[in-house]
Amino acid sequence: MLRDKFKIVLVDDHKIFREGLIFMISKLKDFEVIGQASNGNTFLKMINDLDVDIVIMDISMPGMNGIDATQKALDINPDLKIIALTMFCDEEYYYKMVQAGVSGYVLKEAGKDELIEALETVVSGENYFSQKILHNILMSLDKAKSPKVDPDKEKVKLTKRESEVLTLICQGLSNSEISDKLCLSLRTIEGHKSNLFSKTGVKNSISLVMYAIKNDYVKI
């Protein structure tokens, strides 16, 4: 039996933008839009009545913004995959959305192919952040790596293989790409990645990248 399409809800206060996304997604074989909302409050009223896999979330909206809506939605359903799709590339916004728990962050200036890549990446269980955003994060971290972590705090010890996997994650490689590069099974890579999350106390790949750079595990 073929799997049903992944179900998407759009949350954005611009109707014409939602309609454009609905049309675009209608052409994809693995995804379908099952609902839409113009702000976070409206979306949260819908969430319990919808069997949804992915939420495409704007940040700046009247009533309730995307940051608060993301936090509340994940409190209700921690398995939701939320992709921020926004005009904002400022650090203030992507840090807050990462902390809120988004699985992806894509700029509205991105093309169709990048959004499709983001959708396919998050349903595979990985995080997706556009290259422009990753570049800005890395550059800002490089300029502001002080203050360092508490000098009296013991540095987390990583195995040689964990360090290799961490370096490749920071280079933007996916789990499957790391698997191919290191000639290890995908399951083994996922195990190393899980260990890195546990040791560093972070919850997603982008936070792991930030942690690694701030704590000098990798160099930009």
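Above: the structure in question.
Residues numbered from 1 in each chain as written. Predicted model: local features only at pLDDT ≥ 70, side-chain atom pairs only at ≥ 80, totals over all residues. Heavy atoms only, no water.

What follows deals with the overall build of the chain. Within the chain one finds 10 helices and six strands. Evaluated residue by residue, the chain yields a buried proportion of 45% over its 220 residues. Relative to all contacts within the chain whose residues are 6 or more apart in sequence, the contacts with residues 24 or more apart total 63%. Carbon and sulfur atoms make up 49% of the accessible area of the chain, which totals about 12,100 Å². (Helix = DSSP H or I, 4+ residues; strand = E, 2+ residues; numbered from the N terminus. Buried < 20%, exposed > 50% of the residue type's maximum accessible area, 1.4 Å probe, protein only. Contact = heavy atoms within 4.5 Å. Areas by Shrake-Rupley, 256 points an atom, 1.4 Å probe, with all protein chains shown as cover.)

To continue, consider the packing of helix α8 (residues 175-182) against helix α9 (residues 186-200). The contact between α8 and α9 brings their axes to 9 Å, and the two run at 110 degrees. As far as their axial angle goes, α9 and α8 are roughly perpendicular. Relative to α9, the crossing made by α8 is right-handed. The segment α8 lies against α9, with Asn175, Ser176, Ile178, Ser179 and Leu182 engaging Leu186, Ile189, Glu190 and Lys193. Residue composition of the contact of α8 with α9, grouped by class: four nonpolar, three polar and two charged. (Axes fitted to C-alpha atoms, helices over the stretch in contact; angles between N-to-C directions. Parallel < 35°, antiparallel > 145°, perpendicular 65-115°, else oblique. Left-handed = near helix turned anticlockwise from the far one by under 90°. Nonpolar A, V, L, I, M, F, W, Y, C, P; charged D, E, K, R; others polar.)

Quick look at the side chain of Lys7 now. Mapped onto the secondary structure, Lys7 falls in strand β1 (residues 6-11). For Lys7, the residues in contact, after removing those within four places along its chain, are Glu32, Ile34, Asp51, Val52, Asp53 and Ile54.

This part covers the nonpolar core. Ranked by internal contacts, the top residues of the largest apolar core, which has 31 residues, are Phe43, Met57 and Tyr105. Leave out the neighbours within four places in its chain, and Phe43 touches Val9, Val11, Ala37, Val55, Met57 and Ala73. Grouped together as the second largest cluster of nonpolar side chains are 19 residues, Leu10, Leu21, Val106 and Ala118 included. (Core = buried A, V, L, I, M, F, W, Y, C linked by side-chain atoms within 4.5 Å.)

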